[in-house]
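# Close look at the chain arrangement
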Amino acid sequence: MTARQDLVDLVAAVQAGTAPAPDPRWRELAVEPGERVRKAAVLMLFGALDNVPAASDKLLAPADLDVLLLQRAQTLDDHPGQVAFPGGGIDPGESAIAAALREAEEETGLNPAGVDVLGTMPELALPRGNFLVTPVLAWWAAQSPVRVVDYGESAQVFRVPVRDLLDPDNRVMATVSRAGHTFQSPAFTVNGVVVWGFTGMILNQLFEQLGWAVSWDRTRLYGVDV
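Residues numbered from 1 in each chain as written. Predicted model: local features only at pLDDT ≥ 70, side-chain atom pairs only at ≥ 80, totals over all residues. Heavy atoms only, no water.

A few words now on the overall build of the chain. The secondary structure content of the chain amounts to 4 helices and 12 strands. Computed over the C-alpha atoms, the radius of gyration of the chain is 17 Å, within 12% of the 17 Å expected from 2.2 N^0.38 for a compact globule of 226 residues. For the chain, restricting intrachain contacts to residue pairs at least 6 apart in sequence, the fraction spanning at least 24 positions comes to 65%. On the chain, the mean spot of the 17 positive side-chain charges and the mean spot of the 28 negative ones are 3 Å from each other. (Helix = DSSP H or I, 4+ residues; strand = E, 2+ residues; numbered from the N terminus. Rg over C-alpha atoms; globule rule 2.2 N^0.38 Å. Contact = heavy atoms within 4.5 Å. Lys, Arg positive; Asp, Glu negative; His and termini not counted. Charge placed at Lys NZ, Arg CZ, Asp CG, Glu CD.)

This paragraph deals with the nonpolar core. Judged by nonpolar contacts, the single largest core of 38 residues is most densely connected at F46, F207 and W212. Discounting chain neighbours no more than four positions away, the residues touching W212 are A3, D6, F46, L65, V162, L166 and F207. Judged by nonpolar contacts, the second largest core, of 19 residues, contains L45, A100, V115 and V136. (Core = buried A, V, L, I, M, F, W, Y, C linked by side-chain atoms within 4.5 Å. Buried < 20%, exposed > 50% of the residue type's maximum accessible area, 1.4 Å probe, protein only.)

To continue, consider helix 1 (residues 3-16). Its 14 residues give helix 1 an end-to-end C-alpha distance of 20 Å, which sits within 8% of 20 Å, the value for a rise of 1.5 Å per residue. Taken residue by residue, helix 1 has A3, L7, L10, V11 and A13 as its buried positions. When helix 1 is viewed along its axis, its buried side chains cluster within an angular range of 160° and face the same direction. Seen from the open side of helix 1, the exposed residues pointing more than 90 degrees away from its buried face are Q15 and A16. A positive backbone phi angle near 75° is found at G17, which sits one or two residues after helix 1. (Expected span 1.5 Å × (residues − 1). Arc of directions from axis to C-beta.)

Take the pairing of strand 9 (residues 171-178) next. Regular strands have side chains that alternate between both faces of the sheet. Counting buried positions over the 8 residues of strand 9 gives 6, a clear majority of the element. Of the pairings in the sheet, the one linking strand 9 to strand 10 (residues 181-190) comprises 8 bridges and is antiparallel in character. Of the residues in strand 10, the one forming a bridge with R171 is F188. As defined by bridge partners, strand 9 adjoins strand 12 (residues 221-223) across 3 bridges and the pair is classed as parallel. Looking at the pairing, T175 lines up with G223 of strand 12. (Pairing = 2+ DSSP bridges.)

A few words on the pattern of salt bridges. Summed over all chains, the structure comprises 9 salt bridges. A salt bridge links E103 to R102; the nearest nitrogen and oxygen atoms lie 3.2 Å apart. Salt bridges sharing common partners tie together D91, E94, R102, E103 and E106. (Salt bridge = Lys/Arg side-chain N within 4 Å of Asp/Glu carboxyl O.)

Looking now at the packing of aromatic side chains. Within the structure shown, the criterion is met by 3 aromatic pairs. Seen from their ring centres, F46 and W212 are 6.2 Å apart, and the 85° between their planes marks the pair as edge-to-face. Of this pair, F46 sits in strand 1 (residues 38-47) while W212 sits in the loop between helix 4 (197-210) and strand 12; the two residues are 166 residues apart in sequence, bridging distant segments of the chain. For W212, a relative accessible area of 12% corresponds to the buried category. Note on F207 and W212: the rings are 6.1 Å apart at their centroids and 25° apart in plane angle, and the pair reads as stacked. Of the two residues examined, F207 and W212, each falls in the buried class. (Phe/Tyr/Trp six-rings, centres within 6.5 Å; stacked < 30°, edge-to-face > 60°.)

Written out as structure tokens, the structure is:
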């Protein structure tokens, strides 16, 4: 069984209604029905993208398997400095897949013709901004260079080895305090950054549904300043 086939099988299971249950933390997140709900999509692009080796020596995933991420610019009003998947709002008349590919091209310069879209996952609520976000799973059919296209939008674009993401040594629970409430979410410490919040939750859930996840210490807390 290959990583790509695991992703294909998960999409099929989602469509058939037989996929593993999502992370229960998502039940705590919801959009405000009284406000305008905005639709968005993100591209979760996996593949053997380059020859950058995993830092981890644990045999948790193929050494060359990685996923495309970016770090948002610190000057942005929404989620400054956070790590995210390429993506953004869905334009009127546009599909989630088309939006994810368009935004990824605009943000990372990738060639959409080289992206093999495997399917979509169920919408997830992102309360901040009142978004419903559709994750689009994809695989590199033909590699193309990626880079920061606009430094006003992104600080860096990078491909992180999945093995490093799965390594228990790189797993923490991110804690954020707002308005007297503390929120915790699964997170990853890789590439000199912390992948937390919405993106960390999506990755954590995906790895668990794929059966790739390994046990890690959820009592290790990492405070995030926002």
